[in-house]
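Residues per chain are reported as follows:
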Amino acid sequence: MTIPLIDEYNWQELEQAYGSAENAPKFLNDLLSGDEDLLDEAINDFLFSQACHQYTTYSCTPPVVKCVVFILNNYELDSYIINQLLQFIHACTYNAVSIPELRKEILLGLNCYKVFEKHPDEKVELTADSLIKFCSTYGG
């Protein structure tokens, strides 16, 4: 599976925590993998260690957020994956307060977060709620 909007970006020119974000397309596509190892690597090694490292974001982070919102909107995912993706976006909100491009991508996901505010998994519901609150605070 390939996420169509990945091709909109010149990833090798974008930065992540350890240098070029040229491998971002592989990791983003791995988020749709049925392979647990690839999925774990995409979530933990890429989203939470490269695209957003200890709440620090990089030039690749806004497009990654856009792709993650696209995934949440267009693919059937289990509760654990949904929560991890929402948690990633939430981690990005700390820097989004002062980075307009990142804030814009997070705010554009509002309708996506609303889909999960009544989710049966309480963790998903709580994370979605925190993103909705962020959007209402910073959405102008």
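Here we summarise the structure given alongside this text. Every value quoted in this text rests on a predicted model; they were computed, and no experiment measured them.

What follows covers the pattern of salt bridges. For the structure on display, the rule yields four salt bridges. Among the ionic pairs, glutamate 8 bridges to lysine 66, the shortest N-O distance being 3.6 Å. On the criterion of sequence distance, the pair formed by glutamate 8 in the segment before β1 (15–16) and lysine 66 in helix α3 (residues 61–74) is long-range, its members being 58 residues apart. Judged by relative accessible area, glutamate 8 falls into the exposed class, the value being 53%.

With that settled, consider the environment of threonine 2. For threonine 2, the location among the structural elements is in the segment before β1. You can call threonine 2 exposed: its relative accessible area is 54%. C-alpha separation for the pair threonine 2 and isoleucine 43, spaced 41 residues apart in sequence, amounts to 17 Å. Contact partners of threonine 2, with chain neighbours within four places excluded, come to Asn29 and Tyr75.

Scanning the entire structure with this criterion turns up zero disulfides. Just so you know, cysteine 52 is unpaired, no disulfide at all, and the nearest cysteine sulfur is the one on cysteine 92, 4.1 Å from it. Free cysteine cysteine 67: the closest other cysteine sulfur is in cysteine 60, separated by 10 Å. Here cysteine 67 falls in the buried class, since its relative accessible area comes to 0%.

Locating threonine 127 in the fold gives a position in helix α7 (residues 122–138). Residue threonine 127 is classed as buried on the basis of its relative accessible area of 5%. Within the structure, the side chain of threonine 127 is placed 2.8 Å from the side chain of glutamine 87, a separation counted as a polar contact. Those residues in contact with threonine 127 that lie beyond four places of it in its chain are Asn83, Leu86, Gln87 and His90.

Quick notes on the rules
- Residues numbered from 1 in each chain as written.
- Predicted model: local features only at pLDDT ≥ 70, side-chain atom pairs only at ≥ 80, totals over all residues.
- Heavy atoms only, no water.
- Salt bridge = Lys/Arg side-chain N within 4 Å of Asp/Glu carboxyl O.
- Helix = DSSP H or I, 4+ residues; strand = E, 2+ residues; numbered from the N terminus.
- Buried < 20%, exposed > 50% of the residue type's maximum accessible area, 1.4 Å probe, protein only.
- Contact = heavy atoms within 4.5 Å.
- Disulfide = S-S within 2.5 Å.
- Polar contact = N/O pair within 3.5 Å; in protein donor to acceptor, adjacent residues only side chain to side chain.

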